[in-house]
Amino acid sequence: MSQPDTLKPTSDATSLGLAPPPKLAFAMVGLPARGKTFIARKIARYLSWLGHSTRVFNVGSYRRAQLGRQHHSFFDPRNEAYVVARRDVALAALDDMLAYLGGNGDIAIYDATNSTRERRALVRTRCFAQGVEVVFVESICNDQTIVETNIRATKARSPDYEGVPEEDAVRDFRLRIAHYESEYEEVGEDEGPFIKVIDVGRKMTLHRIQGYLPARVVHFLLNLHIQPRSVWLTRHGESTFNVLGRIGGDAPLSDAGRACTHDLARIARGRFGSRVQVWTSTLRRTIETAEILGLPFRSWRALDEIDAGACDGMTYAEIAEEMPHEFEARKADKFRYRYPRGESYQDVIQRLEPVIFELEREREPVIVIGHQAVLRALYAYMMDRPPRECPTISIPLHTIVELEPTAYGCDERRIDLAPAPLDPKRFRQNVG
Ligand code: F6P
């Protein structure tokens, strides 16, 4: 017996009508403290979220694991024994990366300084021998304030300097940079495809960037910045469909939903005044929520709730009763399951890509008033959670999920909304 269409897996990029993912390596290039790890992790998070098996291979971690913490003199290129030791560590990471790409991995990011032509030639030769395409991503930062902030925010706190007074750590790290500067060569056009990110995206130079994924990554990198700001994810106030346990639809808010939204309005205004971007879907329940907030808002179709297709407007009990095959198929694989004439979580992620780009680009705080499935997908991106976990992430009604991007991740805090006056015990701390 043939399976109904909705039971067929929609597992990977191929199922979305795209060519099979290429084996691709992005090799970082740049002096220390130029944000290479920040960029590497961002690229990895973005591509993993889109469904590609992606991993970062950070040579610094290999060095610490194999050789422990090192004084700046370890990075002096005149010291031959150390040059060999550093090369060995870099090659161990490269071997692991190639083993990963030779197996299930689609894309890898080789996070190292790769600061000489010689080292980059070695990386390219080894990758080519295994049929892996290489794109160099060079971070050039001439703005000393950014470099200094980066040293203090990340390097002086790295495991390399655990227990070392901050000023000593900063001094040692500056000397480490000087060693690299003495032999640093920028990537040249004869070295193959490259993306140069100058002063955290103020300027970008591209060379021979071809193909779908490298072009997506360029587009993604164009929007990155390091300015701190908050992103709030919150569902619309309770709707009359929520009260009835019905999914989808375009119902208005319930009385309780309106009451809690007033609490949201009060907290948001107290926190941001009017200096905040408010985004909604095109559905009535999110628009009514934004109207109570009383701030200008922008409605995105991409933020509409997962399309339940033939099941729209039903309760879960009705689906189980009237369409048991569909109910069971969703239970078996909620991430890939696509409602008949509707969407899967995987589909939702693909259509949210422009929202992610805008979220990355926005410098003001953003309040996203959305829906359960859509906010799960955005949360998974922000918190770097595997996309497959999306369907089980908890995003309850009447809760603000406050996310603050940090150097390499995101801090999280949840605030419960209620119609009653604010009680400090309602704040829950939760760092991810
Ligand atoms: O029940 C509210 C709702 O937003 C529905 O409209 C939507 O179908 C559902 O949540 C998504 O959650 P789940 O994937 O857990 O069914």
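Residues numbered from 1 in each chain as written. Predicted model: local features only at pLDDT ≥ 70, side-chain atom pairs only at ≥ 80, totals over all residues. Heavy atoms only, no water.

### Quick word on the packing of helix α3 (residues 80–102) against helix α4 (residues 117–129)
Two elements in contact, α3 and α4, have axes separated by 11 Å at closest approach and are oriented at 25°. When the axis of α3 is compared with that of α4, the two are roughly parallel. The two elements α3 and α4 cross, and the hand of that crossing is right-handed. Contacts between α3 and α4 involve Arg87, Ala90, Leu91, Leu94, Asp95, Met97 and Leu98 on the former and, on the latter, Arg119, Leu122, Val123, Arg126 and Cys127. A class-by-class count of the residues in the contact of α3 with α4 yields eight nonpolar, no polar and four charged. (Axes fitted to C-alpha atoms, helices over the stretch in contact; angles between N-to-C directions. Helix = DSSP H or I, 4+ residues; strand = E, 2+ residues; numbered from the N terminus. Parallel < 35°, antiparallel > 145°, perpendicular 65-115°, else oblique. Left-handed = near helix turned anticlockwise from the far one by under 90°. Contact = heavy atoms within 4.5 Å. Nonpolar A, V, L, I, M, F, W, Y, C, P; charged D, E, K, R; others polar.)

### Examining the domain arrangement of the protein
The domains assigned to the protein are domain 1 (10–221) and domain 2 (231–431). In this complex, domain 1 contributes 19 residues to the contact, which on the side of domain 2 involves 21 residues. Taking both partners together, domain 1 and domain 2 bury about 2000 Å²; carbon and sulfur atoms supply 58% of that area. At the boundary of domain 1 with domain 2, the tally comes to two salt bridges. Residue lysine 42 is joined to glutamate 360 by a salt bridge in which the shortest nitrogen-to-oxygen separation is 2.9 Å. The interface formed by domain 1 and domain 2 holds seven residue pairs in polar contact (both at pLDDT 80 or more) in total. The set of elements that each furnish at least two residues to the side of domain 1 that touches domain 2 consists of α1 (36–49), α5 (144–155) and α7 (212–222). Sort the elements by how many residues they give to the side of domain 1 that touches domain 2 and α1 lands first, with eight residues. (Domains from an automatic or database assignment. Buried area = accessible area lost by both parts, 1.4 Å probe. Salt bridge = Lys/Arg side-chain N within 4 Å of Asp/Glu carboxyl O. Polar contact = N/O pair within 3.5 Å; in protein donor to acceptor, adjacent residues only side chain to side chain.)

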